[in-house]
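These are the residues of each chain, in order.
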Amino acid sequence: MEVLAIILPFLLLGVGVLFVAFSGGPGKAREAYLTGGNRIFRLAVPVVYVIGGLLVPALIVANSGAAAGGTDTLSSKSLSMEEEEGKSLFSERCGSCHNLDATNSRGVTGPDLDEVGKMSPKRVLAAIELGGTGEKRMPAAIFAGKDAEAVALYVTKVAGK
Ligand code: HEC
């Protein structure tokens, strides 16, 4: 019922506008209304009424559940404070070189972190400290201490998922 109460005023407004538009302006609309209009008009109104007035809002209402619930794969992963921190640090300093779907990072200089095999905090921490595997293609020590740990935790959690 709630839904109907919201939709109904728009329905009536829409039908009113259609009525005027279909019958060629306010003057003609009054005439059509008074005389009952022509046949096409009388057929068209219920059809447009059902499609535009009922179906569209019904679809919107039916689909809004998914958006409101946030069932999207990215937003549904609940992150701790530290992981959130790691996420933003990653976006700032790592995403330019690495692909990571969870942060929408599309860097191509370094390997795709969703694809290089199992991540562990140890592996990511080592990569941050050494600069990748130590071949000097990735800058070493971009982060240290708590920041490095947060990034390692976050990458381990989301990489490859
Ligand atoms: C300037 C580009 C660049 C930036 C910035 C960068 N990386 Fe890298 N990274 C690379 C390259 C290139 C490699 C592959 C070469 C290697 O392993 O030394 C790599 C490798 C890695 C690896 C894989 C190491 C392994 O075990 O195979 C991890 C994990 C990694 N990076 C994490 C990070 C994190 C976390 C950050 C942010 C602190 C970051 N990278 C920032 C270029 C970058």
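Look a little higher up for the structure.
Residues numbered from 1 in each chain as written. Predicted model: local features only at pLDDT ≥ 70, side-chain atom pairs only at ≥ 80, totals over all residues.

1. Points about the overall build of the protein chain
Next, step 1: The secondary structure content of the protein chain amounts to six helices and two strands.
Next, step 2: Scanning the protein chain from its N terminus toward the C terminus, one meets helices and strands in the order α-α-α-α-β-β-α-α.
Next, step 3: Across the 161 residues that make up the protein chain, the buried fraction comes to 16%. (Helix = DSSP H or I, 4+ residues; strand = E, 2+ residues; numbered from the N terminus. Buried ≥ 20, exposed ≤ 12 C-beta atoms within 10 Å, placed from the backbone.)

2. Some points on helix H4 (residues 81–93)
Next, step 1: Given a rise of 1.5 Å per residue, 13 residues ought to cover 18 Å, and the 19 Å separating the end C-alpha atoms of H4 matches this to within 8%.
Next, step 2: Buried within H4 we find Gly86, Lys87 and Phe90. Seen along its axis, H4 keeps its buried residues to an arc of 105 degrees; they face one direction.
Next, step 3: In this structure, the buried residues of H4 make contact with strand E1 (99–100) and helix H6 (145–158). (Expected span 1.5 Å × (residues − 1). Arc of directions from axis to C-beta. Contact = placed C-beta atoms within 7 Å.)

3. Re the packing of helix H5 (residues 121–130) against H6
Next, step 1: With their axes 8 Å apart at the nearest point, H5 and H6 run at an angle of 130 degrees to one another. Considering the angle they form, H5 stands oblique to H6. As for how H5 packs across H6, the hand of that crossing is right-handed. Between H5 and H6, the contacting residues are Pro121, Val124, Leu125 and Ile128 on the first element and Ala148, Glu149, Val151, Ala152, Leu153, Val155 and Thr156 on the second.
Next, step 2: Grouping the amino acids of the contact of H5 with H6 by side-chain chemistry returns nine nonpolar, one polar and one charged. (Axes fitted to C-alpha atoms, helices over the stretch in contact; angles between N-to-C directions. Parallel < 35°, antiparallel > 145°, perpendicular 65-115°, else oblique. Left-handed = near helix turned anticlockwise from the far one by under 90°. Nonpolar A, V, L, I, M, F, W, Y, C, P; charged D, E, K, R; others polar.)

4. Re the packing of H4 against H6
Axis angle and axis distance: for two packed helices, these are the angle between their axes and the distance between the axes, and together they describe the pair.
Next, step 1: Look at H4 against H6: their axes get within 7 Å of each other, and the N-to-C directions meet at 95 degrees. Comparing the axis directions of H4 and H6 gives the class roughly perpendicular. Contact residues: H4 offers Glu82, Glu83, Glu85, Gly86, Lys87, Leu89 and Phe90, while H6 offers Asp147, Ala150, Val151, Leu153, Tyr154, Val155 and Lys157.

5. Some points on the site of the ligand
Next, step 1: Taken together, 24 residues surround the ligand, and among them Cys94, Cys97, Gly110, Gly132 and Met138 come closest.
Next, step 2: Taken together, the elements giving at least two residues each to the shell around the ligand come down to H5 and H6.
Next, step 3: Of the residues forming the shell around the ligand, the biggest block, four residues, is contributed by H5. (Near = placed C-beta within 6 Å.)

6. Focus on H6
Next, step 1: Helix length check: H6, at 14 residues, gives a terminal C-alpha distance of 20 Å against a target of 20 Å (1.5 Å per residue), a fit within 8%.
Next, step 2: For H6, the complete set of buried residues consists of Ala148, Ala150, Val151, Ala152, Leu153, Tyr154, Val155 and Val158.
Next, step 3: Looking at the packing, one finds that the buried side of H6 touches H4, E1 and H5.
Next, step 4: The positive-phi residue at the C-terminal boundary of H6 is Gly160, with phi of around 75 degrees.

7. Brief notes about unusual backbone geometry
Glycine aside, negative phi is the norm for most residues, and most peptide bonds take the trans geometry.
Next, step 1: Look at Asn104: it is not a glycine, yet its phi comes out positive at around 65 degrees.
Next, step 2: Counting through the fold element by element, Asn104 comes out in the loop between E1 and strand E2 (105–106).
Next, step 3: A positive phi angle, close to 65 degrees, is found at Lys136, a residue other than glycine.
Next, step 4: With respect to the helices and strands, Lys136 occurs in the loop between H5 and H6.
Next, step 5: With 10 C-beta atoms counted inside 10 Å, the residue Lys136 sits in the exposed group.

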